[in-house]
Amino acid sequence: MRMLVGLVTLTLLAVALTAPLDDSQNAQILRYNSENIGIDGYRFDFETSDGTSRTEEAELRNPGTDSEAIVVRGSYSYTGPDGTVYVINYVADENGFQPEGAHIPK
């Protein structure tokens with residue numbers, strides 16, 4: 001269970017740190033959906049008026065065992081200060097946060 005909370009926290013922190021720091025505090029939520037929010041997983045997505053969007057789902061694997069882990073998959077996009085739309089796809093699991101995007105070095 002601690003691993004579940006830790007991975008979710010790390011995922012949210014990583015997303016928060018990579019989000020643009022501009023006038024997005026004034027953005028309005030255009031769409032928000034969530035389902036199956038519980039200890040064994042969740043799914044949500046949203047879109048805001050500033051063009052930011054995010055989708056994420058998680059599932060608990062091997063519950064009740066020593067190898068219990070939550071696997072989080074998702075993506076988010078935003079428009080950077082240069083006008084470019086940045087898209088990041090990611091997985092967060094027992095191997096850590098693994099982002100991929102055209103602008104992220106491999």
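Residues numbered from 1 in each chain as written. Predicted model: local features only at pLDDT ≥ 70, side-chain atom pairs only at ≥ 80, totals over all residues. Heavy atoms only, no water.

S.K.: Please give an account of the side chain of arginine 54 that cites residues and values.
M.R.: Within the element layout of this structure, arginine 54 appears in strand β3 (residues 53-61). Among the residues examined, arginine 54 registers a relative accessible area of 11% and is labelled buried. In this structure the side chain of arginine 54 is engaged in a polar contact, spanning 3.5 Å, whose partner is the side chain of tyrosine 90. (Helix = DSSP H or I, 4+ residues; strand = E, 2+ residues; numbered from the N terminus. Buried < 20%, exposed > 50% of the residue type's maximum accessible area, 1.4 Å probe, protein only. Polar contact = N/O pair within 3.5 Å; in protein donor to acceptor, adjacent residues only side chain to side chain.)

S.K.: Outline the packing of aromatic side chains, listing residues and values.
M.R.: The final tally for this structure, using the stated rule, is five aromatic pairs. Ring centres 6.1 Å apart and planes at 50° place the aromatic pair tyrosine 76 and tyrosine 90 in the tilted group. Of this pair, tyrosine 76 sits in strand β4 (residues 69-79) while tyrosine 90 sits in strand β5 (residues 85-93), placing them 14 residues apart in sequence. Both residues of the pair, tyrosine 76 and tyrosine 90, belong to the buried class. (Phe/Tyr/Trp six-rings, centres within 6.5 Å; stacked < 30°, edge-to-face > 60°.)

S.K.: Which residues make up unusual backbone geometry, and what are the values?
M.R.: Only a minority of non-glycine residues have a phi that is not negative, and only a minority of peptide bonds are not trans. Residue asparagine 62 is not a glycine yet carries a positive backbone phi of 55°. On the basis of relative accessibility, which here comes to 42%, the residue asparagine 62 falls in the partly exposed class.

S.K.: I'd love a proper account of the confidence of the model for the chain, names of residues and values included.
M.R.: Overall, the prediction assigns the chain a mean pLDDT of 82, with 76% of residues at 70 or greater. At the low end of the mean pLDDT range in the chain sits helix α1 (residues 2-18), at 53; at the high end sits β5, at 95. (pLDDT = per-residue confidence, 0-100.)

S.K.: Let's hear about the pairing of β3: which residues, and what values?
M.R.: Here β3 shows one buried face, formed by Arg54, Glu56, Ala58 and Leu60, and one open face, formed by Ser53, Thr55, Glu57, Glu59 and Arg61. In the sheet, strand β2 (residues 41-48) pairs with β3 via seven bridges, with the strands oriented antiparallel. Of the residues in β3, the one forming a bridge with aspartate 45 is threonine 55. Hairpin geometry of β2 and β3 is characterised by an intervening segment of four residues between the two adjacent antiparallel strands and by a positive phi of about 90° at glycine 51. Bridge count between β3 and β4: nine bridges; the pairing is antiparallel. Each bridged residue has a counterpart across the sheet, and for glutamate 57 the counterpart in β4 is arginine 73. (Pairing = 2+ DSSP bridges.)

S.K.: Describe the pattern of salt bridges, listing the residues and the values that go with them.
M.R.: Enumeration according to the criterion identifies four salt bridges in this entry. One connected set of salt bridges, linked through shared partners, spans Arg31, Asp45 and Glu47. (Salt bridge = Lys/Arg side-chain N within 4 Å of Asp/Glu carboxyl O.)

S.K.: Give a detailed account of the nonpolar core, specifying residues and quantitative values.
M.R.: If you look at soluble globular proteins, the nonpolar side chains tend to sit buried side by side. With eleven residues, the main nonpolar core is built from Tyr42, Phe44, Ala58, Ile70, Val72, Tyr76, Tyr78, Tyr86, Ile88, Tyr90 and Ala92. Looking at this core, the elements with two or more residues in it are β2, β4 and β5. (Core = buried A, V, L, I, M, F, W, Y, C linked by side-chain atoms within 4.5 Å.)

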